[in-house]
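# Topology and contacts: notes
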Protein chains: 2
Amino acid sequence: MWSVVRDKEATKAKLLEAGLDEFAEYGIAGARVDRIAAKAGCNKAMIYAYFGSKEGLFDELLKIQIDRMIKSVPITPDDLPGYAGRLFDSYVDQPQLLRLAAYHRLENGFDTVPEAEAVAYQHKIEAIAQAQLDGKLTAAYDAVELLDLVVHMSILAFTTPNASRAMVEKAVRRLIAE
Amino acid sequence: MWSVVRDKEATKAKLLEAGLDEFAEYGIAGARVDRIAAKAGCNKAMIYAYFGSKEGLFDELLKIQIDRMIKSVPITPDDLPGYAGRLFDSYVDQPQLLRLAAYHRLENGFDTVPEAEAVAYQHKIEAIAQAQLDGKLTAAYDAVELLDLVVHMSILAFTTPNASRAMVEKAVRRLIAE
DNA sequence: CGGTATCAACTAACTGGTTGGTTGATACTA
DNA sequence: TAGTATCAACCAACCAGTTAGTTGATACCG
């Protein structure tokens, strides 16, 4: 029989999952390490053994969630309404990432952007700029402005309780109309 | 002679101002009542005498800020780009309200909307609906959707560090273009 | 194969410090 | 003097982080 009780990776995974729920609900300052450990069904000391600190666990968590989002919703520069719609849907499906990111911004300031996010952002800027050069996309905004606007529209999932994907797509369609 | 040392209203005002800074920076869970009292230059017990609790102070604070915002930036249904721009500007001038509101939503859930905000929202909906009936405003969205979109655009002041008023006005102009 | 040394994974209990909130005494004003 | 605004000191609960010690799997040795 394989042991299931003593498994480092499984324990880390359980802590990450419990931490996701806890941090998304209460934020960084409001989260309680005892609650995280209890939810994960393991000892509090494991958090410090594997992640160094409460904030260490949060950072790891956020990084993983961002990576997942970046990979699962790739940008489509020649279909920005669709991109915004898909982003919106994934935010509705997994509201935790948006809450995590919001808490992170509020509590740690605007300049501390996670590495992975900054890199992905740059790639998207370039993709949009290229589409504009190719004439596939309006030149009414510069690439940075346009990406900011499109991403911002998908955030309707967080700010407006009864927003819909259709509403987001329609708005982006109008924003980029020639 | 008027008292300057023992003045109930002055003490409340100082606590409200200190609380504004503290809550905007650290959130509700992260705020420390001792820091608020120290910043206000008065005793911690005053918070409990005048506001009942930490949360009581926060609620009072948020209510005041929302009232001020509602009064200082009235809606102009026949100039929504200008309205969004003015909202944006006031958010840039006083970033604390947006941070307060964000923390409130994150920590207290979406349904607990302050009374004053709900009432003002309803008035704005009606104003927009009327402008639509008068043909002064696009009928491409229903009134609720349209207000949500316009307000949402002004929130760029919070989500996008280098957004500008011009960018917000331009976006709203395109959103409501016939 | 049986015994045991080793080490990573894990735990219960604890620690030093902090927190929201209270209270009894004091100072001020009318 | 009566009423009230203010405060220093205090408290019980809580919290992030530590530690001394336990457990179980596996590698090694005779």
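Every value quoted in this text rests on a predicted model; they were computed, and no experiment measured them.

This part is about the overall build of chain A. Scanning chain A from N- to C-terminus turns up 10 helices and zero strands. Considered along the principal axes of its C-alpha atoms, chain A spans approximately 60 × 35 × 30 Å. When contacts within chain A are restricted to residue pairs at least 6 apart in sequence, those whose partners lie at least 24 apart make up 61%. Of the accessible surface of chain A, which amounts to about 9000 Å², a share of 54% is contributed by carbon and sulfur atoms. Taking the average location of the 21 positive side-chain charges in chain A and that of its 26 negative ones, the two points are 6 Å from each other.

Turning to the side chain of H104 of chain B, a few remarks are in order. If you trace the backbone, H104 of chain B turns up in helix α6 (residues 95-108). Beyond its immediate stretch of four places on either side in the chain, H104 of chain B contacts F58, L62, G109, T112 and P114 of chain B.

The next subject is the relation of the copies chain B and chain A. For these two chains of identical sequence, chain B goes onto chain A by a turn of 180 degrees and a shift of 0.0 Å along the axis, with RMSD 0.1 Å. Here the copies are linked by what is in effect a two-fold axis. A high fraction, 100%, of the interface residues of chain B reappear at the interface in chain A, so the copies pair face to face through one surface.

Of all hydrophobic cores here, the largest spans 109 residues; its most connected members are L80 and M153 of chain A together with M153 of chain B. Excluding residues within four positions of it along the chain, M153 of chain A makes contact with V168, A171, V172 and L175 of chain A together with L149, H152 and M153 of chain B.

Now for helix α10 (residues 165-175) of chain B. Buried residues of α10 of chain B: M167, V168, E169, A171, V172 and L175 of chain B, and no others. Here the buried face of α10 of chain B lies against α8 (143-154) and α10 (165-175) of chain A together with α5 (80-93), α8 (143-154) and α9 (156-159) of chain B.

Listed per partner, the contact involves 32 residues of chain B and 32 residues of chain A. Together chain B and chain A conceal approximately 3000 Å² of surface at their shared face, both sides included; 63% is due to carbon and sulfur atoms. In this assembly, chain B and chain A are joined by zero salt bridges. For the pair chain B and chain A, the number of links is 15 residue pairs in polar contact (both at pLDDT 80 or more). Contributing elements (two or more residues each) for the side of chain B that touches chain A: α1 (8-30), α6, α8, α9 and α10 of chain B.

Around DNA strand C, 20 residues are found, and the nearest of them are R6, K8 and T11 of chain A together with R32 and K44 of chain B. Backbone sugar and phosphate groups make up 55% of those atoms of DNA strand C lying within 4 Å of the protein. Interatomic distance of 3.1 Å between a side-chain N/O atom of N43 of chain A and a base nitrogen of DNA strand C. Contacts to DNA strand C include A31 of chain B, whose backbone N or O atom sits 2.9 Å from a phosphate oxygen. Those elements that place two or more of their residues in the surface near DNA strand C are α1 (8-30) and α3 (45-51) of chain A together with α3 (45-51) of chain B. Per element, the largest residue contribution to the surface near DNA strand C is three residues, and it comes from α3 of chain A.

Residue and element names in this part refer to chain B. It is at 8 Å that the axes of α1 and helix α2 (residues 33-40) come closest, and there the two elements cross at 150 degrees. In this view, α1 runs roughly antiparallel relative to α2, as classed from their interaxial angle. Seen along the crossing, α1 lies across α2 with a hand that is right-handed. In this structure, α1 uses K14, L15, A18, G19, D21, E22, F23, Y26 and G30 to contact α2, whose residues at the interface are R35, I36, K39 and A40.

Quick notes on the rules
- Residues numbered from 1 in each chain as written.
- Chains lettered and ligands numbered in written order.
- Predicted model: local features only at pLDDT ≥ 70, side-chain atom pairs only at ≥ 80, totals over all residues.
- Heavy atoms only, no water.
- Helix = DSSP H or I, 4+ residues; strand = E, 2+ residues; numbered from the N terminus.
- Contact = heavy atoms within 4.5 Å.
- Areas by Shrake-Rupley, 256 points an atom, 1.4 Å probe, with all protein chains shown as cover.
- Lys, Arg positive; Asp, Glu negative; His and termini not counted.
- Charge placed at Lys NZ, Arg CZ, Asp CG, Glu CD.
- Least-squares fit on C-alpha atoms with pLDDT ≥ 70 in both.
- Core = buried A, V, L, I, M, F, W, Y, C linked by side-chain atoms within 4.5 Å.
- Buried < 20%, exposed > 50% of the residue type's maximum accessible area, 1.4 Å probe, protein only.
- Buried area = accessible area lost by both parts, 1.4 Å probe.
- Salt bridge = Lys/Arg side-chain N within 4 Å of Asp/Glu carboxyl O.
- Polar contact = N/O pair within 3.5 Å; in protein donor to acceptor, adjacent residues only side chain to side chain.
- Near = heavy atom within 4 Å.
- Axes fitted to C-alpha atoms, helices over the stretch in contact; angles between N-to-C directions.
- Parallel < 35°, antiparallel > 145°, perpendicular 65-115°, else oblique.
- Left-handed = near helix turned anticlockwise from the far one by under 90°.

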